[in-house]
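Breakdown of the fold
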Amino acid sequence: QLYYNIHAGSCASTIYQFIKHHEVQFDEDSEIDKRVATAILVGIATDTEMLCSPETTELDVQSWSDLLSKRDPNLLSRIIKYNIPKVWVEHKASIVQKVHISDGIAVVGIGLLDSKHRDLISSIADDIKTWDEVHTAIVYALLDGETMVGSVRSSNSGISVPALCKTLGENKSGNGGGKPGKGAYSYPLGGGSIDDEEDEPIVDLTWKLFEVKEKSRILKTIKG
């Protein structure tokens, strides 16, 4: 019954409950166990927005409470309050004037990114969703010159983020999904990829074309 009917807002809570169900104990003196407990706590914090999201359940709260004494507090603090890379600061500063906002929907493309900075896309979406008069933020970028990746955040109950992400991904032979309020999608460009050896002016022009096309596609999809 536990495996089929468990209800939690975080995957990490579910994993912890499986561990607990099998009576696996965390040794508070073990560095490895502390790291595992810390990793699960980070997962719970991320998935439930520090236990504040509407999807948070009693199971999440219970899992958090159980694991709190087993964590590495210094490691947890460093992970949650992570140092922001310089490239993130530069991108966040540069996109402020580029965001297209209409009827509470904000859409922006942030250009070409190295895949190691993929999380910047969702971070910017999280930031924009907090702007005044914005209920939905959609941020996209081209990873490694070959894959379009988008992140969606919304507080509008009339917008199904999982369905929107699925549509944005699948109608381009990609994939997409999520949960209420947050999701992501991606699709490969195939023959339209930007080569690393291309001259910078060509790269800039090619991105501008992708940027305009993607913004138009997103707005048409979200407005039906």
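Note that this is a predicted model, so its numbers are computed, not measured. (Residues numbered from 1 in each chain as written. Predicted model: local features only at pLDDT ≥ 70, side-chain atom pairs only at ≥ 80, totals over all residues. Heavy atoms only, no water.)

On to the packing of aromatic side chains, then. Summed over the entire model, instances satisfying the criterion amount to three aromatic pairs. Taken together, a centroid distance of 6.2 Å and an interplanar angle of 40 degrees make the contact between Tyr 16 and Phe 26 tilted. Of this pair, Tyr 16 sits in helix α2 (residues 11-21) while Phe 26 sits in the loop between α2 and α3 (31-47), placing them 10 residues apart in sequence. Both residues of the pair, Tyr 16 and Phe 26, belong to the buried class. Ring centres of Tyr 140 and Trp 207 lie 6.1 Å apart, and the angle between their planes is 45 degrees; on these two criteria the pair is classed as tilted. With Tyr 140 in strand β3 (residues 136-143) and Trp 207 in helix α9 (residues 200-222), the pair connects residues that are 67 residues apart, well separated along the chain. Judged by its relative accessible area of 0%, Tyr 140 falls in the buried class. (Phe/Tyr/Trp six-rings, centres within 6.5 Å; stacked < 30°, edge-to-face > 60°. Helix = DSSP H or I, 4+ residues; strand = E, 2+ residues; numbered from the N terminus. Buried < 20%, exposed > 50% of the residue type's maximum accessible area, 1.4 Å probe, protein only.)

A separate point is the sheet that holds strand β6 (residues 182-188). Here six strands make up an open sheet; going across it, the order is β1-β2-β3-β4-β6-β5 and the pairing mixed. Each edge of the open sheet carries a strand with a single partner, namely β1 (100-102) and β5 (175-179). Adjacent strand axes in the sheet meet at a mean angle of 15 degrees when their direction is disregarded. In the sheet, strand β4 (residues 147-154) pairs with β6 via seven bridges, with the strands oriented antiparallel. Paired with Met 148 across the bridge in β6 is Tyr 187. (Pairing = 2+ DSSP bridges. Axes fitted to C-alpha atoms, helices over the stretch in contact; angles between N-to-C directions.)

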